[in-house]
Amino acid sequence: MSTFPGIIPAVVVPFAPDESIDIDALKANVAHLLGGGIHGLVVNGTMGEAGSLSTDERALVLETVVAAVDGRVPVSAGVSAASTAVACAYAEQARAGGAHGVMCLPPLLYRGTTEEFVAHFAAVAEAAQLPVMLYNNPEASGIDLTPEVIGEIATAVPGVVAVKECSSDARRIAALLGSTELEILVGGDDWALEGLAAGATGWVAGVANIAPAECVQLMDFVEHGRLPEARELYQRLLPLGRLDMTPWLVQYFKGAMDAVGLTGGPCRAPRLPLSADHQAILGQAVDALGLPVAV
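Since we're looking at a predicted model, the values are computed, not measured.

J.: Explanation requested: the nonpolar core in the structure shown.
T.: Burial of nonpolar side chains together is a common tendency in soluble globular proteins. Counting residues in hydrophobic clusters, the biggest one holds 107 residues, and the most contacted among them are L41, V65, I153, W203, I210, L218 and L240. The element that contributes the greatest number of residues to this core is helix α4 (residues 114-128), accounting for 7 residues. When residues no more than four places from it in sequence are discounted, the contact partners of I210 are H32, L240, F253, A256, M257, V260, L262, L289 and L291.

J.: Help me out: how do you make sense of the pattern of salt bridges in this one?
T.: Oppositely charged side chains may form a pair once their charged atoms are brought near each other. Scanning the model with the defined rule gives 5 salt bridges in all. For D169, the salt bridge goes to R171, with nearest N and O atoms at 2.9 Å. With a shortest N-O distance of 2.9 Å, E229 and R226 are connected by a salt bridge.

J.: Looking at this model, I keep getting lost on the pairing of strand β6 (residues 160-165). Mind explaining?
T.: Moving residue by residue along a regular strand, the side chains alternate between the two faces of the sheet. Within β6, 5 of the 6 residues are buried, leaving the element largely enclosed by the surrounding structure. Pairing between strand β5 (residues 132-136) and β6: 5 bridges, direction parallel. Paired with L134 across the two strands is V163, which belongs to β6. Each parallel crossover has a hand, and the one from β6 via helix α7 (residues 171-179) to strand β7 (residues 183-186) is right-handed.

Quick notes on the rules
- Residues numbered from 1 in each chain as written.
- Predicted model: local features only at pLDDT ≥ 70, side-chain atom pairs only at ≥ 80, totals over all residues.
- Heavy atoms only, no water.
- Core = buried A, V, L, I, M, F, W, Y, C linked by side-chain atoms within 4.5 Å.
- Buried < 20%, exposed > 50% of the residue type's maximum accessible area, 1.4 Å probe, protein only.
- Helix = DSSP H or I, 4+ residues; strand = E, 2+ residues; numbered from the N terminus.
- Contact = heavy atoms within 4.5 Å.
- Salt bridge = Lys/Arg side-chain N within 4 Å of Asp/Glu carboxyl O.
- Pairing = 2+ DSSP bridges.
- Right-handed = clockwise from strand over helix to strand, strands pointing away.

Right, dumping it as structure tokens:
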């Protein structure tokens, strides 16, 4: 049985106009996700603007989501940081807040050695005392963990049980499945079908914040060999999914949530509102989903 199963939305944190966390909106968004049949949630990652949250706010987001979920699906927490000490502190906070597991990048913007990465993840696993999802996102961290390095980390750190692969190279799914015992999760929305068809066990998804039931259905189609239907559905998801790997991904997905009657709300600086051109791109992507749009 998977530790990090299936469709796992990367939870967006809605802010009120004064940029405080809108707790009621967060709870309503979680209810929407649960209603869509998702299999888990992860908070305090890039989509949750974790870099702009205080330590207390990170705890508040986790505790709010854990309480709203009430044991129905596992809730994991991002603990990525530039230093091992801070990542470990976040990991301890995740355990105290009731997280099921933690998701962690290598030390941010530090081009270390495999030995240093092993030590970093071992420290995080020890601090968390929870399953660890290693997160490979070269764009976000400045480090590309190759399948070989991931294999070395997983062998040396038993607490690492999964990897969120966000290199956008679907070939790595097969490589990791062939060389490790890890659960492999797709980490990019614009190659989800390719990754799931290659054997990924899950998908940490941004699009699922807006269209959770459709993301669940996509995975179900793949698992049951219904590829024509999967391809047809994927074409509806792709215009929004392609906005995932851009500098404006949070603004795009928050805007899409607002457009379909959920609450994305504003972003915190340094993120600025979308330009008129970007708003037009977003409008086309939301239209392609074929979902009811808020009036």
